[in-house]
Amino acid sequence: GQQVMQIPQYQHVQEGEDFTTYCNSSTTLSNIQWYKQRPGGHPVFLIQLVKSGEVKKQKRLTFQFGEAKKNSSLHITATQTTDVGTYFCAGPRNTGKLIFGQGTTLQVKP
Amino acid sequence: NAGVTQTPKFRILKIGQSMTLQCTQDMNHNYMYWYRQDPGMGLKLIYYSVGAGITDKGEVPNGYNVSRSTTEDFPLRLELAAPSQTSVYFCASRDGLAKNIQYFGAGTRLSVL
């Protein structure tokens, strides 16, 4: 069945370092979404990418959708302690469902 | 602006007990979902609904039941709780239009002992 894989599972960085998480789908996606979950919190929508090769930026966060629409990445420049949390990618399934990756948990050492 | 509201926030159950996790949304969304999240894991879909009166199974439906009598409410019922159901449960909704954004509730943290 359709799978969405994320790597790495965990990442520890020093504050100010960059961070990247990668998302790979077993099938071509019509779009991909990214969510952030703070420790003890709930997932919150960050962004949706739709077009092949699309790149979107939100301040220090850069999101990219692969040319083949089977992979995506989230890059954070100069991490801050407020970036701590788990980042999930999610691709659409039929009937309005999403399939979520396992998430990448980011820890930032001040 | 309440969004998606889940109750209770925390609950401890004994093995074999039953309970209902409540979820209500005030955004008039047609689609609603129940997920469980085990420690360090992603979100697994339990059940979903595309509108009042319509529900369907997700990836991990065993041991759970749902109903959708109104657009606003989507309760999740646990019958005969088992330790394997210890998890954090999230309810989510979306409006069914072009943007497939899901809005999550704050979650219910359930322990079965």
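Cut-offs and rules
- Per chain, residues are indexed from 1 in the order of the written sequence.
- Think of it this way: whatever chain is written first is A, whatever ligand is written first is 1, and the rest follow in order.
- Totals for whole chains, interfaces and linings use every residue, but because this is a predicted model, local features are given only for residues with pLDDT of at least 70 and side-chain atom pairs only at 80 or more, for both listing and counting.
- Remark: hydrogens and water are excluded; side-chain values derive from all non-hydrogen atoms of the structure.
- What counts as a helix is a DSSP run of H or I of at least four residues, what counts as a strand is a run of E of at least two, and both are numbered from the N terminus.
- Each residue's exposure class comes from its accessible area (1.4 Å probe, protein chains only) as a fraction of the maximum for that residue type: buried when under 20%, exposed when over 50%, partly exposed otherwise.
- Residue contacts are counted whenever heavy atoms from the two residues lie within 4.5 Å of one another.
- For two strands to count as paired, DSSP must find a minimum of two bridges between them.
- The axes are straight lines fitted to the C-alpha atoms, using for helices just the contacting stretch, and the angles between their N-to-C directions are given from 0 to 180°.
- Salt bridges are counted wherever a side-chain nitrogen of Lys or Arg sits within 4 Å of a carboxyl oxygen of Asp or Glu.

Structural notes on the side chain of T21 of chain A
All names here are of chain A.
So, step 1. The residue T21 is located in strand β3 (residues 19-25) in this model.
So, step 2. Judged by relative accessible area, T21 falls into the buried class, the value being 0%.
So, step 3. When neighbours within four sequence positions are excluded, T21 is seen to be in contact with Q6, I7, P8, W34, S72, S73, L74 and T104.

Some details on the sheet that holds strand β7 (residues 61-65) of chain A
Residues and elements named next belong to chain A.
So, step 1. On the basis of which strands lie adjacent, the open sheet formed by five strands has the order β1-β3-β8-β7-β6 and antiparallel pairing. Looking at which strands have only one partner, the edges of the open sheet turn out to be β1 (4-7) and β6 (55-58). On average, adjacent strands in this sheet sit at an angle of 15° to one another, irrespective of strand direction.
So, step 2. Strand direction decides the pairing type here: β3 and strand β8 (residues 71-76), joined by six bridges, are antiparallel.

Quick word on the environment of V4 of chain B
Residues and elements named next belong to chain B.
So, step 1. As for its placement among the helices and strands, V4 is situated in strand β1 (residues 4-7).
So, step 2. What makes V4 buried here is its relative accessible area of 10%.
So, step 3. V4 has contacts with C23, T24, Q25, M27, C91, S93, Y103, F104 and G105, leaving out every residue within four places of it along the chain.

A few points about the pattern of salt bridges
So, step 1. Taken as a whole and judged by the stated rule, the model has four salt bridges over all chains.
So, step 2. Here D83 of chain A makes a salt bridge to R60 of chain A, at a shortest N to O gap of 2.8 Å. Here D83 of chain A, found in the loop between β8 and β9 (85-92), pairs with R60 of chain A, found in the loop between β6 and β7; they are 23 residues apart in sequence, far enough to count as distant.
So, step 3. A salt bridge links D38 of chain B to R36 of chain B; the shortest N-O distance between them is 2.9 Å.
So, step 4. Residue D38 of chain B is classed as partly exposed on the basis of its relative accessible area of 25%.

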